[in-house]
Amino acid sequence: MRKSVVIDCFPDSVKKYRLGYAIVAVDVIRATTSAITVAALGGRCFAVASVKDAMRLKAKLNNPLLAGELGGELAPGFDINNSPVELASRTYLGKPVILLSSSGTRLIHEAKACDVVYLACFRNHRYTASDLRDRYARVAVIGAGSRNEFRKEDQMCCAWIARDLARMGYVPENRRTAELIERWSMEGPEAALIGKSADYLRKSGQTKDLEFILTHINDLRSAYVMKGSEVSV
């Protein structure tokens, strides 16, 4: 059986992989990091595509926490930003979390129609690749993107997953995938510091999230998948 992997970007690209692919959604700064952090602590996390969807879901859950941003700013009517550091606080344990981001949760939402949707970030990229091995013949690793750009940290995470799959016998489906694997395979997570997303976190005083992301590397040995709108281990 020929096994293959492809790297792509942006929510709109998902429709190309609706049939026959396992999707891996990546938004390192910050949606998939936030969602995985909640699930790793035993919490419930629901990813939504819009404020309207969030408010609709809020009415169905018991005292949920709304965590989200639009354009980097706190989403209207939300309790906290899309912050893995704040979500890791014990203050919020026990509350279901409704998560919204500019592009990451929209990517997750678009992928719901696919056969299976994994979530990955720096915390679990290695285990994600390991869990995919031999379960699925075709894998699409998709970065969320931001402001029409495939951000460096997402390129890195996507490339690391694709690299590990390639070592397990998966063939890159196109030249771009092969080039991204080659570009980022040997880079460490600190390379994300030169990206625009990291720069935004510094300028907006959200350096604790940046520090969290860059100091939690493969510390989780779990694969996280979507069951409807909810993150599941």
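Above: the structure in question.
Here goes a summary of the coordinates provided.

Moving on to the pattern of salt bridges. Scanning the entire structure with this criterion turns up 19 salt bridges. Here arginine 30 and aspartate 209 are joined by a salt bridge, their closest N and O atoms 2.8 Å apart. Separated by 179 residues along the polypeptide, arginine 30 in the loop between strand 2 (22-26) and helix 1 (31-40) and aspartate 209 in helix 9 (residues 207-215) bring together distant segments of the chain. The class for arginine 30 is buried, based on a relative accessible area of 4%. For aspartate 209, a relative accessible area of 4% corresponds to the buried category. Close ionic contact of aspartate 164 with arginine 167 constitutes a salt bridge, the shortest N to O distance being 3.8 Å. Note that aspartate 164 and arginine 167 are positioned in helix 6 (residues 152-167) at a spacing of three residues, about one turn of the helix. Here aspartate 164 falls in the buried class, since its relative accessible area comes to 8%. Assessed through its relative accessible area of 61%, arginine 167 is described here as exposed. One network of salt bridges, with partners in common, ties together Lys3, Arg133 and Asp134.

Moving on, we get to helix 8 (residues 196-203). Among all positions in helix 8, only Ser197, Ala198 and Leu201 are buried. The buried side chains of helix 8 occupy one side of the element, clustering within an arc of 100° when seen end-on. Structural note: helix 8 exposes Lys196 and Lys203 on the side pointing more than 90 degrees away from its buried face. Buried residues belonging to helix 8 abut helix 6 and helix 9.

Estimated volume of the largest pocket: approximately 470 Å³. Glu69, Ser102, Ser146, Arg147 and Arg151 are the residues nearest the centre of the largest pocket, which is lined by 25 residues in total. For the lining of the largest pocket, the secondary structure elements donating two or more residues are helix 6 and helix 8. Here the lining of the largest pocket gets four residues from one element, more than from any other, and that element is helix 8. Residue composition of the lining of the largest pocket, grouped by class: six nonpolar, eleven polar and eight charged.

Under the definition given, this model contains three aromatic pairs. A centroid spacing of 5.0 Å and a plane angle of 75° characterise the contact between tyrosine 17 and tyrosine 21, whose relative ring orientation is edge-to-face. Accessibility expressed as a relative area gives 7% for tyrosine 17, which makes it buried. Ring centres of phenylalanine 122 and tryptophan 160 lie 5.1 Å apart, and the angle between their planes is 35°; on these two criteria the pair is classed as tilted. Highlighted residues: phenylalanine 122 in the loop between strand 7 (116-120) and helix 5 (125-132) and tryptophan 160 in helix 6, separated in sequence by 38 residues.

Basis of the calculations
- Residues numbered from 1 in each chain as written.
- Predicted model: local features only at pLDDT ≥ 70, side-chain atom pairs only at ≥ 80, totals over all residues.
- Heavy atoms only, no water.
- Salt bridge = Lys/Arg side-chain N within 4 Å of Asp/Glu carboxyl O.
- Helix = DSSP H or I, 4+ residues; strand = E, 2+ residues; numbered from the N terminus.
- Buried < 20%, exposed > 50% of the residue type's maximum accessible area, 1.4 Å probe, protein only.
- Arc of directions from axis to C-beta.
- Contact = heavy atoms within 4.5 Å.
- 1 Å grid on protein atoms, 1.4 Å probe; cavity = no way out; pocket = protein on both sides within 12 Å on 5 of 7 lines; lining within 4 Å.
- Points joined across faces, edges and corners; volume = space filled by probe spheres on them.
- Nonpolar A, V, L, I, M, F, W, Y, C, P; charged D, E, K, R; others polar.
- Phe/Tyr/Trp six-rings, centres within 6.5 Å; stacked < 30°, edge-to-face > 60°.

In short, shape yes, function no, at least from these values alone.
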